Amino acid sequence: MPRRFHAADELLPPASFLKRSLAIVYDGLISIAVLLVTTGIYTLITGWANGWVTSWDAPLQKADSGQLSGDPGLTFVLFLVMYLFFAYFWTRIGQTLGMQVWRIRIENLDGSSVSWSQALRRYVTAAGVLFLALLAGYYLGSVTLLLSIPAMLALFFPVNGLSVTDRLSESVVVNLAKKPTAD
């Protein structure tokens, strides 16, 4: 059941590019912590399942000796955990922790919370552009920064109040008014 943030006829102003960017940086730092914890848990679980974790140092010894390689299972788990992290906040309260700090929120045009499928479209769009930029940087070198940085900026830059992720997910990022303080 979607949560109603405000009346359908009340329009909130769209969030500025600066506030969106600062929220992304803030959420990026939190995401790094979530990814590190997830990777640690995944490594311990798969290590025990494969029988090579007998101590806390075993994964480090395997990495140092070159016995660990890319793991598509870990990639999938990290992608899924990050989607669940963002989608939970977007669908429940419309704000991640970084968005709460900068007083912006994701919502539908009628003032209701976004659905899980809208959150998925929003997340996959952003992750896809980031993946393509990183892939191009890996194979083509640093010259791709001239193309990938503007592409990532364009992904979140609001044109007429809506960014590419807003348009594809049929939602909007709005600026919240400050709550009046009691004197």
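About the criteria used
Residues numbered from 1 in each chain as written. Predicted model: local features only at pLDDT ≥ 70, side-chain atom pairs only at ≥ 80, totals over all residues. Heavy atoms only, no water. 1 Å grid on protein atoms, 1.4 Å probe; cavity = no way out; pocket = protein on both sides within 12 Å on 5 of 7 lines; lining within 4 Å. Points joined across faces, edges and corners; volume = space filled by probe spheres on them. Helix = DSSP H or I, 4+ residues; strand = E, 2+ residues; numbered from the N terminus. Nonpolar A, V, L, I, M, F, W, Y, C, P; charged D, E, K, R; others polar. Buried < 20%, exposed > 50% of the residue type's maximum accessible area, 1.4 Å probe, protein only. Expected span 1.5 Å × (residues − 1). Salt bridge = Lys/Arg side-chain N within 4 Å of Asp/Glu carboxyl O. Lys, Arg positive; Asp, Glu negative; His and termini not counted. Polar contact = N/O pair within 3.5 Å; in protein donor to acceptor, adjacent residues only side chain to side chain. Contact = heavy atoms within 4.5 Å.

Peer 1: Just checking my understanding: could you explain the layout of surface pockets for this structure?
Peer 2: The probe, sized like a water molecule, is rolled over the atoms to show the empty space still left. The volume enclosed by the largest pocket comes to roughly 1200 Å³. Looking at the lining of the largest pocket, the elements that each hand over two or more residues are α1 (17-50), α3 (72-92), β1 (104-107), α5 (116-140) and α6 (145-156). Tallied by class, residues from the lining of the largest pocket come to 25 nonpolar, seven polar and three charged.

Peer 1: In this structure, what is going on with unusual backbone geometry? I would like to understand it.
Peer 2: Only a minority of non-glycine residues have a phi that is not negative, and only a minority of peptide bonds are not trans. Its identity is not glycine, yet Arg 103 carries a phi of approximately 55 degrees, on the positive side. Residue position: Arg 103 is located in the loop between α4 (97-101) and β1. Assessed through its relative accessible area of 25%, Arg 103 is described here as partly exposed. Residue Glu 170 is not a glycine yet carries a positive backbone phi of 55 degrees.

Peer 1: Please explain α3 as it appears in this structure.
Peer 2: Residues three or four positions apart in an α-helix share a direction because the helix packs 3.6 residues into each turn. For α3, which comprises 21 residues, the first-to-last C-alpha distance of 30 Å matches the rise-based estimate of 30 Å (1.5 Å per residue) to within 8%. Among the residues of α3, Leu 74, Leu 78, Met 82, Tyr 83, Phe 85, Phe 86, Ala 87, Phe 89, Trp 90 and Thr 91 are the ones counted as buried.

Peer 1: Sorry, what's going on with the environment of Leu 130 here?
Peer 2: Along the polypeptide, Leu 130 turns up in helix α5. Along the sequence, Leu 130 and Ala 151 sit 21 residues apart, while their C-alpha atoms lie 9.0 Å from each other.

Peer 1: Where do I start with the pattern of salt bridges in this structure?
Peer 2: When their charged atoms lie close together, side chains carrying opposite charge are able to pair. In this structure the tally under the stated criterion is three salt bridges. Between Glu 107 and Arg 105 there is a salt bridge, with its nearest N and O atoms 2.9 Å apart. Assessed through its relative accessible area of 2%, Glu 107 is described here as buried. The structure contains a network of salt bridges with shared partners spanning Arg 20, Arg 122 and Asp 166.

Peer 1: Any chance you could explain the side chain of Asp 27 here in plain terms?
Peer 2: Here Asp 27 is to be found in helix α1. Lacking a salt bridge, the buried Asp 27 has Arg 122 as its closest oppositely charged neighbour, with an N-O distance of 9.6 Å. Looking at Asp 27, its side chain comes within polar contact range of the side chain of Thr 96, at 2.4 Å. Residues within four places of Asp 27 in sequence aside, it is in contact with Phe 86, Thr 96, Leu 97, Gly 98 and Met 99.

Peer 1: Help me understand the side chain of Thr 165, please; the structure alone is not making it clear to me.
Peer 2: Considering the arrangement of structural elements, one finds Thr 165 in helix α7 (residues 164-169). Assessed through its relative accessible area of 1%, Thr 165 is described here as buried. Reaching out from Thr 165, the side chain makes a polar contact with the side chain of Ser 163 at a distance of 2.9 Å.

Peer 1: Explain the environment of Ser 16 here, please?
Peer 2: Structurally, Ser 16 is set in the segment before α1. Sequence-wise, Ser 16 and Asn 175 are 159 residues apart; in three dimensions their C-alpha atoms are separated by 7.7 Å.

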